[in-house]
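Each chain is listed here by its residues.
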Amino acid sequence: MNTDKQSSTPLETDTPTYSGPVIAATLSALLGMLTLVVTHHISRLTKGLDKLIHSYGYWMPGSTGTGPDGSIGNYSGKETLAVFVWLATWLIFHYLWRKQDFSLRAFVAFFLGALAFLMLGLFHPLIDPVVLFIAGLFGYA
Amino acid sequence: MAHDAIDSQQLTKILIRLQAGGALTLLLMLVGFDLFFPSQYALKAAVHGVSTISALVVGTFMTHRAYFLLRGAKTNYPSLRNWTLASTFLNLLAIISGNWIYMRYRGQDGPRDWILQSVPDFHNILMEFKEFVSLFPFPLMVIASFIVLYYKNTLHIRHDIKQFLGIIIMSAWFFIMLGFVSGLILAKLRFV
């Protein structure tokens, strides 16, 4: 991927034409989605981890409760952590790459591959053996 | 004898709008009637249904804009900006209303309890897949909105960014569709 600063002179206008901000926005969103996948699998390993993930979402109305009306449960914690990672990394990446120009052609393949990976990472019959193997390495399975 | 042809551009515009309007109206009936279902959670179901159908229709419309972006055609920037923002908002609404109805899904004697007892794979595999992939369109549309707002009219001098925007919109549509279909399967299986 080309990380050189854009050398060509701006065309017709002084507004930004670097691709860095696009990469920053996209990569941070992918990291947010990855957080959803990771926290989902972590919360399924033990009751303690489930409670920990859930606790990040306690601020959300309806995150806890029982009875017929139910609650959002640990989903609220997963959403909270995902949004936090997304926005925090976006700020950092944008600041770092706002005046950088990258090859979007190369990034497209990575982007589509990452989306496919994240999607399959949520399909239990496929991913559970992998998750259990990794969890086993840390003594959680 | 002269045979005046119909203004094809005008005709196409009218037909596209009629098709989109007709599809939206009929599809909204699919979920709008949830309001009259015999359940105390009918309102929650209808709000979620209306927001997801609207997100799907607008998302599908956006894919037609995406084809032009992929081809590098000149785009009407203010229109693209407005539709992208509308799509982003509808996907956010779908998530918020999804959280709202999800509470009842998990509630005592709710659909989850019934599904786990009757056909557990529909919860353990389909629902656990759906509840996350349904979140994907929102950040993707936020990226699209960011691109149109940040680059504004300069988009037309960066063909690669315009193409990437088209790919983002197509990806968002795929996940809207995926979430919508799996949600519909679950709602058909057990209504709230």
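In this text, all values refer to a predicted model and were calculated from it rather than measured experimentally. Starting afresh in each chain, residues are numbered from 1 along the sequence in its written order. Key to labels: chains lettered from A, ligands numbered from 1, both in the order written. In keeping with the model being predicted, local features are shown solely for residues with a pLDDT of at least 70 and side-chain atom pairs are shown and tallied solely at 80 or more, while totals for entire chains, interfaces and linings include all residues.

Secondary structure elements are defined from DSSP: runs of H or I of at least 4 residues count as helices, runs of E of at least 2 residues count as strands, and each element is numbered from the N terminus. Helices and strands together make up the secondary structure of chain A, namely 5 helices and 0 strands. Mapped from its N terminus to its C terminus, chain A presents α and β elements in the order α-α-α-α-α. Remark: C-beta atoms are placed from the backbone, and a residue is labelled buried if 20 or more other C-beta atoms sit within 10 Å of its own, exposed if 12 or fewer do, or partly exposed between those counts. Expressed as a percentage of the 141 residues in chain A, the buried residues total 33%. Throughout, a residue-residue contact means that the two C-beta atoms, derived from backbone geometry, are no farther apart than 7 Å. Contacts in chain A between residues far apart in sequence, at least 24 positions, make up 68% of those at least 6 positions apart.

Turning our attention to the nonpolar core. Looking at soluble globular proteins, one finds that nonpolar side chains tend to be buried together. Counting residues in hydrophobic clusters, the biggest one holds 67 residues, and the most contacted among them are Ile143(B), Ala144(B), Ile147(B) and Ala172(B). If you list the elements that add at least two residues to this core, you get helix 1 (20-43) and helix 3 (75-97) of chain A together with helix 2 (42-71), helix 3 (77-106), helix 5 (120-133), helix 6 (137-151) and helix 7 (159-189) of chain B. A per-element tally of this core places helix 2 of chain B first, with 12 residues. Ignoring any residue separated from it by four or fewer positions in sequence, one finds Ile143(B) in contact with Ala25(A), Thr26(A), Ala29(A) and Ile168(B). Linking buried Ala, Val, Leu, Ile, Met, Phe, Trp, Tyr and Cys residues through C-beta atoms within 7 Å yields a set, and such a set is a nonpolar core.

With that out of the way, let us pick up the UniProt feature "transmembrane region" (unreviewed entry) in chain A. Residues and elements named next belong to chain A. UniProt positions are given in the numbering used here, feature names are shortened, and annotations may be inferred rather than shown by experiment. Those places that UniProt annotates as "transmembrane region" (unreviewed entry) correspond, in this numbering, to residues 20-39, 80-97 and 103-123. Along residues 20-39 the backbone is 100% helical and 0% strand, and the end-to-end C-alpha distance reaches 28 Å. As annotated, residues 80-97 comprises 100% helix and 0% strand, and the C-alpha atoms at either end are separated by 25 Å.

Residue and element names in this part refer to chain B. Turning to its location among the elements, Gly-107 is positioned in the loop between helix 3 and helix 4 (111-118). Residue Gly-107 is classed as buried on the basis of its 20 C-beta neighbours within 10 Å. For the pair Gly-107 and Tyr-151, spaced 44 residues apart in sequence, the C-alpha separation works out to 45 Å.

Before going further, it helps to examine unusual backbone geometry. Residue and element names in this part refer to chain B. Even without being glycine, Asp-109 reaches a positive phi, approximately 60 degrees. Take Asp-109: it is sitting in the loop between helix 3 and helix 4. Given 10 C-beta atoms within a 10 Å radius, Asp-109 is considered exposed. A positive phi angle, close to 45 degrees, is found at Lys-152, a residue other than glycine. Tracing the backbone through its elements, the reader meets Lys-152 in the loop between helix 6 and helix 7. Its 15 C-beta neighbours within 10 Å are what place Lys-152 among the partly exposed residues.

To continue, consider the UniProt feature "transmembrane region" (unreviewed entry) in chain B. All names here are of chain B. The feature "transmembrane region" (unreviewed entry), as annotated in UniProt, sits at residues 14-33, 45-70, 82-102, 132-151 and 163-187 in this numbering. Across residues 14-33, the secondary structure splits into 95% helix and 0% strand, with the terminal C-alpha atoms separated by 28 Å. Counted over residues 163-187, helix gives 100% and strand 0%. Its end C-alpha atoms are 36 Å apart.

This part covers the interface of chain B and chain A. The interface of chain B with chain A comprises 35 residues on the first partner and 35 residues on the second. Those elements giving two or more residues to the side of chain B that touches chain A turn out to be helix 3, helix 5, helix 6 and helix 7 of chain B. For the side of chain B that touches chain A, a count of residues per class yields 20 nonpolar, 7 polar and 8 charged. In this count, Pro and Cys sit with the nonpolar residues alongside Ala, Val, Leu, Ile, Met, Phe, Trp and Tyr, while Asp, Glu, Lys and Arg are called charged and the others, Gly among them, polar.

Two packed helices can be described by the angle between their axes and the distance between those axes. Where helix 4 (residues 104-120) of chain A meets helix 7 of chain B, the axes come as close as 10 Å, and the angle between the chain directions of the two elements is 10 degrees. Of the possible angle classes, the one that applies to helix 4 of chain A and helix 7 of chain B is roughly parallel. Contacts from Leu104(A), Arg105(A), Val108(A) and Leu115(A) of helix 4 of chain A reach helix 7 of chain B at Asp160(B), Ile161(B), Phe164(B), Ile167(B) and Ser171(B). Its residues assigned to classes, the contact of helix 4 of chain A with helix 7 of chain B shows 6 nonpolar, 1 polar and 2 charged. To obtain each axis, a line is fitted to C-alpha atoms, and for helices this fit is confined to the stretch in contact; angles are then taken between N-to-C directions over 0 to 180 degrees. Angles are sorted into four bins: roughly parallel if under 35 degrees, roughly antiparallel if over 145, roughly perpendicular if 65 to 115, and oblique for all others.

What follows concerns the packing of helix 3 of chain B against helix 6 of chain B. Residue and element names in this part refer to chain B. Interaxial distance between helix 3 and helix 6 falls to 9 Å at its minimum, and their mutual angle equals 155 degrees. Between helix 3 and helix 6, the crossing angle belongs to the class labelled roughly antiparallel. The element helix 3 and its partner helix 6 pack so that their crossing is left-handed. Here helix 3 contributes Leu-80, Arg-81, Thr-84, Leu-85, Ser-87, Thr-88, Asn-91, Leu-92 and Ile-95 to the contact with helix 6, which in turn contributes Pro-137, Phe-138, Met-141, Val-142, Ala-144, Ser-145, Val-148 and Leu-149. The handedness criterion is simple: a crossing whose near helix is rotated anticlockwise from the far helix by less than a right angle is left-handed, and one whose near helix is rotated clockwise is right-handed.

A few words now on the environment of Val58(B). Residues and elements named next belong to chain B. With respect to the helices and strands, Val-58 occurs in helix 2. According to the C-beta neighbour criterion, Val-58 is buried, with 22 such atoms within 10 Å. The residues touching Val-58, leaving out its near neighbours within four places in the chain, are Trp-83, Ala-86, Ser-87 and Leu-90.

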